[in-house]
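Geometric and topological summary
Now for the letters of each chain:
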Amino acid sequence: SEIAFDDGSDGPPTLLKVDGKIGIDGAGYPEGQFTVTYRDEQKLLTLLSRFDAITPEDRDQVAGMLQAYRAGKTEATVSFAMRQGELFLNGMVPLTDLPKIQ
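This section reports on the structure supplied with the text. (Residues numbered from 1 in each chain as written. Predicted model: local features only at pLDDT ≥ 70, side-chain atom pairs only at ≥ 80, totals over all residues. Heavy atoms only, no water.)

1. Re the overall build of the chain
- A count of helices and strands for the chain gives 2 helices and 6 strands.
- The order of helices and strands in the chain, counted from the N terminus, is β-β-β-α-α-β-β-β.
- Against the compact-globule benchmark of 13 Å for 102 residues, the chain has a radius of gyration of 14 Å, which places it among compact chains.
- Overall, the C-alpha framework of the chain stretches about 40 × 30 × 25 Å when taken along its three principal axes.
- Here the chain has roughly 6,200 Å² of accessible surface; of this, 51% comes from carbon and sulfur atoms. (Helix = DSSP H or I, 4+ residues; strand = E, 2+ residues; numbered from the N terminus. Rg over C-alpha atoms; globule rule 2.2 N^0.38 Å. Areas by Shrake-Rupley, 256 points an atom, 1.4 Å probe, with all protein chains shown as cover.)

Have a look at this one:
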């Protein structure tokens, strides 16, 4: 899917492209892998924060990683994995626990 997201801050909305496959594991948690392509890491951080995908304490670390991925380019793509009830950035960096799907 592809959406434009605006958090109300200065600048145009950011483009977010999401591609991947997700399902539900045997314990009832979301499971799968997907990539997100973004143009503005600050707006992506706002979106991740609104859905509690990152904690306020982790925001600066995740911001630094997202800035490094984009590194002066117009857009960047990062991968996420959901397994065993957790969301991971690039399959390694834990971001948050995931809720069970009911």
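On we go.
2. Focus: the pairing of strand β3 (residues 30-38)
- One ladder, built from 9 bridges, connects strand β2 (residues 14-24) with β3; its direction is antiparallel. From the neighbouring strand, Ile 24 faces β3, where its bridge partner is Pro 30.
- Connecting β2 to the next strand, β3, in antiparallel fashion are 5 residues, including Gly 28 with a positive phi near 95°.
- The pairing of β3 with strand β4 (residues 76-83) spans 7 bridges and is classified as antiparallel. Following the sheet pairing, Phe 34 is matched in β4 by Phe 80. (Pairing = 2+ DSSP bridges.)

3. Considerations on the sheet that holds strand β6 (residues 93-97)
- Ordered in space as β1-β2-β3-β4-β5-β6, the 6 strands form an open sheet in which the pairing is antiparallel. The sheet terminates laterally at β1 (2-5) and β6, the two strands that pair on one side only. Neighbouring strand axes in the sheet, compared pairwise and without regard to direction, differ in orientation by 25° on average.
- As judged from the 4 bridges shared by strand β5 (residues 86-89) and β6, these two strands associate in the antiparallel manner. Paired with Phe 88 across the strands is Pro 94, a residue of β6.
- This element, helix α1 (residues 41-50), spans β1, β2 and β3 of the sheet and lies at about 95° to β1.
- Running over the sheet, helix α2 (residues 59-70) touches β3, β4, β5 and β6 and is turned about 135° from β4. (Axes fitted to C-alpha atoms, helices over the stretch in contact; angles between N-to-C directions. Contact = heavy atoms within 4.5 Å.)

4. Digging into the packing of aromatic side chains
- According to the stated counting rule, one finds 1 aromatic pair in the structure shown.
- Where Phe 34 meets Phe 80, the ring centres are 5.3 Å apart and the plane angle is 15°; that geometry is what we call stacked. Of the two residues, Phe 34 is situated in strand β3 and Phe 80 in strand β4; the sequence distance between them amounts to 46 residues. The same class applies to Phe 34 and to Phe 80, which are both buried. (Phe/Tyr/Trp six-rings, centres within 6.5 Å; stacked < 30°, edge-to-face > 60°. Buried < 20%, exposed > 50% of the residue type's maximum accessible area, 1.4 Å probe, protein only.)

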